[in-house]
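So the chains spell out like this:
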Amino acid sequence: MANQTPQSRTLWRRILGGTWYGFVCVLALGMGSISGWANFDPTLRAIILDQAGIRKVEPKTVFNSTEMTLLVLGCDEDRYYRGIKVLNDAARSDMMLIVKLDFENNRVGGVSIPRDLWVSHPGYRGHKINAYHAIGGPDLTKSVVENLLDVKIDRVLVLNYKAFQNMIDLVGGVSVYVGKKMDYDDNAGDLHIHLTPGRHTLSGVDAMGFIRFRKSDSDFSRIERQRDLMLSFKQSVMSQPAILPAVVKKATELFGGALQPDEVAALSSFMRKIGSDNVKMGTLPVFEGSGTNLNLDGALLQKSLEDHYLKPKQTFPPDIQASSNR
């Protein structure tokens, strides 16, 4: 990489610039500037051509819409008796995140959905919301979330945890600060977390534990950890541009090939325009129910969705507004 021109280095840094959040944003990380790399991967080629101005990809054109709402799922790897694993399409959703990409106003909003949220859905008895993926896969989960929040979902992305771990290992691990002792074993989910307080360079397996740890923790803490880890991942990629083709290929695998090359390039272009002030992420408002269940706080739901760009603010006809002010 010593033969890069100043223009090439500038383009490379511009491609890597921007604000990233959570797993959705990982698709926009670590995209290179050396034109020869374009032959390695169609996704990388689409991103490079877009950044070079040769073939621009506009999100509104690629997705034929001014906005897009994603439901991102991370699934447990449950095991039957004697260790036979359940495939992702029949596993509990360990992580649920609904994200709104607003291409018109260049902003991103979203909320995480607690896995212990108790939800009744037409045709089914009540379950914790993470169980619906095990019952009916992404389609049923999409239907449940849409019915619960009255928000239309355009695309469901199921995270490939193994691809995520491989991405972390590709860059040699990520440096993060572990704020407290994390000690947890879930044999059914093949999840083993043993981290001590302090700064560590985490392998893919440990990074997975870092973002999935939930014992004696809150969803807010998990969101912050996810953000810290992805920012560190971005820095690791920036310092090793030679590995970018492999990282891009693995990033495509992360969502099981659910996004086409032009779509990934369009999202990369969009995310580079987003400043930190235009990213609002939170958690659904809930209160404690019976046992370990959580209940949705309906009184706060509308405001929470509005605050995180998921629904437009409620408006009233002028005559109603006038009468309310009398």
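Note that the structure is a prediction, hence the values are computed from the model and not measured.

Reading the values: rules and limits
Residues numbered from 1 in each chain as written. Predicted model: local features only at pLDDT ≥ 70, side-chain atom pairs only at ≥ 80, totals over all residues. Heavy atoms only, no water. Axes fitted to C-alpha atoms, helices over the stretch in contact; angles between N-to-C directions. Helix = DSSP H or I, 4+ residues; strand = E, 2+ residues; numbered from the N terminus. Parallel < 35°, antiparallel > 145°, perpendicular 65-115°, else oblique. Left-handed = near helix turned anticlockwise from the far one by under 90°. Contact = heavy atoms within 4.5 Å. Nonpolar A, V, L, I, M, F, W, Y, C, P; charged D, E, K, R; others polar. Buried < 20%, exposed > 50% of the residue type's maximum accessible area, 1.4 Å probe, protein only. pLDDT = per-residue confidence, 0-100. Phe/Tyr/Trp six-rings, centres within 6.5 Å; stacked < 30°, edge-to-face > 60°. Lys NZ or Arg CZ within 6 Å of the ring centre and 35° of its normal. Pairing = 2+ DSSP bridges.

## Things to note about the packing of helix 5 (residues 161–170) against helix 6 (residues 204–212)
So, point 1. Taken N-terminus to C-terminus, the directions of helix 5 and helix 6 make an angle of 120 degrees; their axes are 8 Å apart at the nearest point. With respect to their mutual orientation, helix 5 and helix 6 come out oblique. When you trace helix 5 past helix 6, the crossing you get is right-handed. On helix 6, the residues touching Tyr161, Phe164, Gln165, Ile168 and Asp169 of helix 5 are Gly204, Val205, Ala207, Met208, Ile211 and Arg212.
So, point 2. Tallied by class, the residues present in the contact of helix 5 with helix 6 amount to seven nonpolar, two polar and two charged.

## Looking at helix 6
An α-helical segment advances 3.6 residues per turn. Residues three or four places apart therefore align on the same side.
So, point 1. The element helix 6 is extensively covered by neighbouring structure, given that seven of its nine residues are classed as buried.
So, point 2. For helix 6, every residue scored as buried is listed here: Gly204, Ala207, Met208, Gly209, Phe210, Ile211 and Arg212.

## Some thoughts on the confidence of the model for the chain
So, point 1. Of the residues in the chain, 70% have a pLDDT of 70 or more, and the chain-wide mean is 75.
So, point 2. Confidence over residues 1–39 falls short of pLDDT 50; this stretch has 103 contacts with residues more than four positions distant or in other chains.
So, point 3. Counting interchain partners and residues more than four positions distant, the pLDDT-below-50 stretch residues 79–89 has 20 contacts.

## Concerning the side chain of Ser236
So, point 1. Mapping Ser236 onto the fold places it in helix 7 (residues 219–238).
So, point 2. With near-sequence residues (within four places) excluded, Ser236 lies in contact with Val171, Gly173 and Val174.

## So, the packing of aromatic side chains
So, point 1. Summed over the entire model, instances satisfying the criterion amount to three aromatic pairs.
So, point 2. Seen in terms of ring centroids, Phe103 and Phe270 are 5.0 Å apart; in terms of plane orientation they differ by 90 degrees. Their pairing is edge-to-face. Here Phe103, found in the loop between strand 2 (93–102) and strand 3 (107–112), pairs with Phe270, found in helix 9 (residues 261–272); they are 167 residues apart in sequence, far enough to count as distant.
So, point 3. What makes Phe103 buried here is its relative accessible area of 6%.
So, point 4. On the numbers, 6.1 Å between centres and 85 degrees between planes, the contact of Tyr124 with Tyr132 is edge-to-face.
So, point 5. Accessibility expressed as a relative area gives 37% for Tyr124, which makes it partly exposed.
So, point 6. The ring of Tyr309 carries the charged tip of Arg107 above its face, separated from the ring centre by 4.1 Å.
So, point 7. Positioned above the aromatic ring of Phe210 is the side chain of Arg225, whose terminal nitrogen or guanidinium carbon lies 5.8 Å from the ring centre.

## A word on the pairing of strand 5 (residues 124–128)
So, point 1. With three bridges joining them, strand 4 (residues 118–121) and strand 5 adopt antiparallel strand pairing. Across the sheet, residue Trp118 finds its bridge partner in strand 5, namely Lys128.
So, point 2. Counted along the chain from strand 4 to the antiparallel partner strand 5, the turn is two residues long, and its residue Gly123 has a positive phi close to 90 degrees.

## Section: unusual backbone geometry
Trans peptide bonds make up the majority, and among non-glycine residues the majority have a negative phi.
So, point 1. A positive phi angle, close to 55 degrees, is found at Asp150, a residue other than glycine.
So, point 2. Tracing the chain through its elements places Asp150 in the loop between helix 4 (131–149) and strand 6 (155–159).
So, point 3. Overall, Asp150 belongs to the exposed group, its relative accessible area being 58%.
So, point 4. Unusually for a residue other than glycine, Tyr309 sits at a positive phi of about 65 degrees.
So, point 5. Mapped onto the secondary structure, Tyr309 falls in the loop between helix 10 (298–307) and helix 11 (318–324).

## Here's the deal with helix 10
So, point 1. By the burial criterion, the buried members of helix 10 are Leu301, Ser304, Leu305 and Glu306.
So, point 2. Tucked inside the fold, the buried residues of helix 10 contact strand 3, helix 4, strand 11 (279–283) and strand 13 (294–296).
So, point 3. Phi turns positive one or two residues past the end of helix 10, at Tyr309, with a value near 65 degrees.

## Some points on the environment of Ala266
So, point 1. Along the chain, the position of Ala266 falls in helix 9.
So, point 2. Ala266 sits 206 residues away from Lys60 along the chain, and the two C-alpha atoms are 8.6 Å apart.
So, point 3. With residues up to four places along the chain from it excluded, the contact list for Ala266 reads Val57, Glu58, Pro59, Val62 and Phe63.

## A closer look at the environment of Leu301
So, point 1. Tracing the chain through its elements places Leu301 in helix 10.
So, point 2. For Leu301, a relative accessible area of 11% translates into the label buried.
So, point 3. It is 8.8 Å that separates the C-alpha atoms of Leu301 and Val286, two residues lying 15 residues apart in sequence.
So, point 4. Ignoring anything within four residues of it in the chain, the contact list for Leu301 reads Leu148, Leu149, Leu284, Pro285 and Leu296.

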